[in-house]
Amino acid sequence: TKSEMLKARLYSVGSTIGARILIGPIMDMYGVRIGQAGLLAFAAIPTLCAGFIQDFTDFLIVRSLIGVVGATFVGCQFWCMTMFHDNVVGSVNAISGGWGNLGTGLARAVMLTVYWTNLSIPGCDKECAWRNAFWVPALALLIAAYCVYFHGDDSPQGRKWKKITDRQTSSMILIDTISNPQSWLLFLQYAACFGVELHVNASISEYFYERFGASLGVATLIGVAFSLTNLFARALGGIFSDYFYRINGFKGRRLLQIGLTVGEGFLLIIFSLIDIFPVAVCFLLIFSIFVQAAEGSTFGIVPHVDRRHSGAVSGIVGAGGNVGAVLCSLLTVAVGSNSEAYFYIGFIVFGIGLLGYFIDVPDPVRQKRLPRRGGKATGEWRRRDDVVSVPSISKDNKIACQDVEEMRVRNESTSVPARRI
């Protein structure tokens, strides 16, 4: 029934939120490679069990456990932050995240292909076809876990992960990150972009079918077009975030984040009021570019919040997207109309975008540029004692990528004291 499907979806989203928050500190302690491989291997078990469910209770349990695999997004983003320099990390995070979102569509296509292939086997009916289809994703998860664990690196230095401190546990890392208000500001920012994208993606086909009388085929194609902008839109957000960072330091990233999120909210408000079908489609596609670019821009900021606890910050911010999707769905149920819900969500997103003004993290780029303008550098470098580098500025005032180990040694020898955020 619809109520049972909604319940299962809430359980799945709830497990994803919890897993994202918890896995970040664990990866901070033991490294991304081990945490990511463990998640992938664990997810293979409930995925395989999906082919053996007999009743709603079995379905609910399996659906909840499969939701844990959503935490691999945290490992993906944290891995990018560890392996790439500040001047390109926004682009890398955005490209990996955007193309990762495309995996949902690819998975559906593969599963349908496997289902129809099974049906073509003599003696295999519909039930046999869908039950046996789950062997494919379960095997794919195990292969991915094997590749990550045995062929992946923890850092640019190879399979080497230095713990933050032997005295700090994962629970202490989580508490430290939760107490940082910047984590929650980005939690709201990601809820306003990725959460809204998830909600619109799930409801947009129904919206065009009911409001404009579009056929189910056309409405579905519009929904597919909305998702396909992930091919480039999220990447654009990260690329422009890196570009403005090189020009104007962290202030450039922040201003871009505000502009994209405010623009996203404004476009959603206008879209909800449009009654002309072609115009509505155009505004939807423009809105989709803004919402996904805002996602890329958000994770261009995340690496700057707390370099020592980047995994925990990624977990909290990533969970914000799922929380935002649940809240949007609840608002839609409360108002009883997709168009009215879009209108209210647009104003909420607009307000959250303005809150981006209060995102404030130390800006090492600005600190290094000050001496070139004749002044004395003020403030202190944030320094991480493990594998993540801090940026330096070359003669032409552009951020230069340097060897991570060389930069770490240089930072340890500097007379400027390091402070922890």
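Just so it is clear, the model here is predicted, and its values are computed rather than measured. (Residues numbered from 1 in each chain as written. Predicted model: local features only at pLDDT ≥ 70, side-chain atom pairs only at ≥ 80, totals over all residues. Heavy atoms only, no water.)

## Things to note about the overall build of the chain
Each helix and strand counted, the chain has 17 helices and 2 strands in total. Counting over 421 residues, the chain shows a buried share of 50%. Contacts in the chain between residues at least 24 apart in sequence constitute 79% of all its contacts with a sequence separation of at least 6. Put simply, the chain shows about 19500 Å² of open surface, and 68% of that area lies on carbon and sulfur atoms. (Helix = DSSP H or I, 4+ residues; strand = E, 2+ residues; numbered from the N terminus. Buried < 20%, exposed > 50% of the residue type's maximum accessible area, 1.4 Å probe, protein only. Contact = heavy atoms within 4.5 Å. Areas by Shrake-Rupley, 256 points an atom, 1.4 Å probe, with all protein chains shown as cover.)

## Points about the state of the cysteines
Considering all chains together, one arrives at 1 disulfide under this definition. The disulfide partner of cysteine 124 is cysteine 128, and the gap between their sulfur atoms is 2.5 Å. Measuring handedness by torsion sign, the sulfur bridge of cysteine 124 and cysteine 128 sits at about -100 degrees and is left-handed. Residue classification places cysteine 128 among the partly exposed positions, given a relative accessible area of 25%. (Disulfide = S-S within 2.5 Å.)

## Considering the nonpolar core
Val196, Val200, Ile204, Phe208, Phe271, Leu284 and Phe287 are the most contacted members of the largest nonpolar core, which has 46 residues in total. The contact partners of leucine 284, leaving out residues within four places of it in the chain, are Val200, Ile204, Phe208, Ile222, Phe226 and Phe271. In terms of nonpolar packing, the next biggest core, distinct from the first, is built from 18 residues, Leu40, Val68, Ala71 and Trp79 among them. (Core = buried A, V, L, I, M, F, W, Y, C linked by side-chain atoms within 4.5 Å.)

## Remarks on the confidence of the model for the chain
Looking at the chain as a whole, its pLDDT mean stands at 81, while 83% of the residues score no less than 70. Low pLDDT (under 50) marks residues 367–421, which in the prediction has 109 contacts with non-local residues, meaning those over four places away or in another chain. (pLDDT = per-residue confidence, 0-100.)

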